Amino acid sequence: MKEEAIRKYASLMRELDLSGLEVKEDGYELRLERGSRQESVKPETYIVEDKAAAEAAPEMKTEEGTIVSSPMVGVFYASPAENAEPFVKTGSVVKKGDTLCLIEAMKLMNEITAEEDGKILEIFAANGNIVEYGAPLFRIGRA
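About the criteria used
Residues numbered from 1 in each chain as written. Predicted model: local features only at pLDDT ≥ 70, side-chain atom pairs only at ≥ 80, totals over all residues. Heavy atoms only, no water. Helix = DSSP H or I, 4+ residues; strand = E, 2+ residues; numbered from the N terminus. Pairing = 2+ DSSP bridges. Expected span 1.5 Å × (residues − 1). Buried < 20%, exposed > 50% of the residue type's maximum accessible area, 1.4 Å probe, protein only. Arc of directions from axis to C-beta. Contact = heavy atoms within 4.5 Å.

Next up on the list: unusual backbone geometry. Here the phi dihedral of Met106 falls at roughly 50 degrees; this positive angle occurs in a residue that is not glycine. Note that Met106 resides in the loop between β7 (99-105) and β8 (108-113). Positive phi is not limited to glycine here, since Lys107 has a value of about 70 degrees. Of note, Lys107 is situated in the loop between β7 and β8.

What follows is the structure in structure tokens.
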């Protein structure tokens, strides 16, 4: 299925305010979902969002620390494997470049790393849930 067709269906979803759409066309099966961080997603599900959301800043400064935001839509994973310890917990001290989490997007695992040294003050995303562009993942403060 061509990107143009996927974009057409995503536009139709926004226009009709649909939260999901399944299309079977020319031997292809496509499932689009618009969801919040609280929904879970099957590995074969793809999410298409508009480009305006993609332009959200990956990090925002706040008085209490730095918010690390999701640079993409995908599934948030707090640990490298199902039964493994999470990369970080509330109270963990991190150094610039340390892995904070993984976000799976289109079957690719993307490492989200700390942009600065600090301490994890808050974790906003839950393991296995969908995160959207610009969604806050962590709050990092001074160690």
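Time to look at the sheet that holds β7. Taken in spatial order, the 4 strands of this open sheet run β8-β7-β5-β10, and their pairing is antiparallel. With one partner strand each, in any of the chains shown, β8 and β10 (130-131) form the two edges of the open sheet. As defined by bridge partners, strand β5 (residues 74-77) adjoins β7 across 3 bridges and the pair is classed as antiparallel. Residue pairing for β7: Val75 is matched across the bridge by Glu104.

With that out of the way, let us pick up helix α1 (residues 3-16). Between its terminal C-alpha atoms α1 stretches 20 Å, which fits the 20 Å expected from 14 residues at 1.5 Å a residue. Inspection of α1 places Ala5, Tyr9, Ala10 and Met13 among the buried residues, and these make up the whole buried set. Burial along α1 is one-sided: seen end-on, the buried residues are contained in an arc of 140 degrees. The exposed set on the far side of α1, more than 90 degrees from its buried face, consists of Glu3, Glu4, Lys8 and Glu15. Turning to α1, the residues buried within the fold contact β1 (20-25) and β2 (28-33). One or two steps after α1, the chain reaches Asp17, where phi turns positive at roughly 55 degrees.

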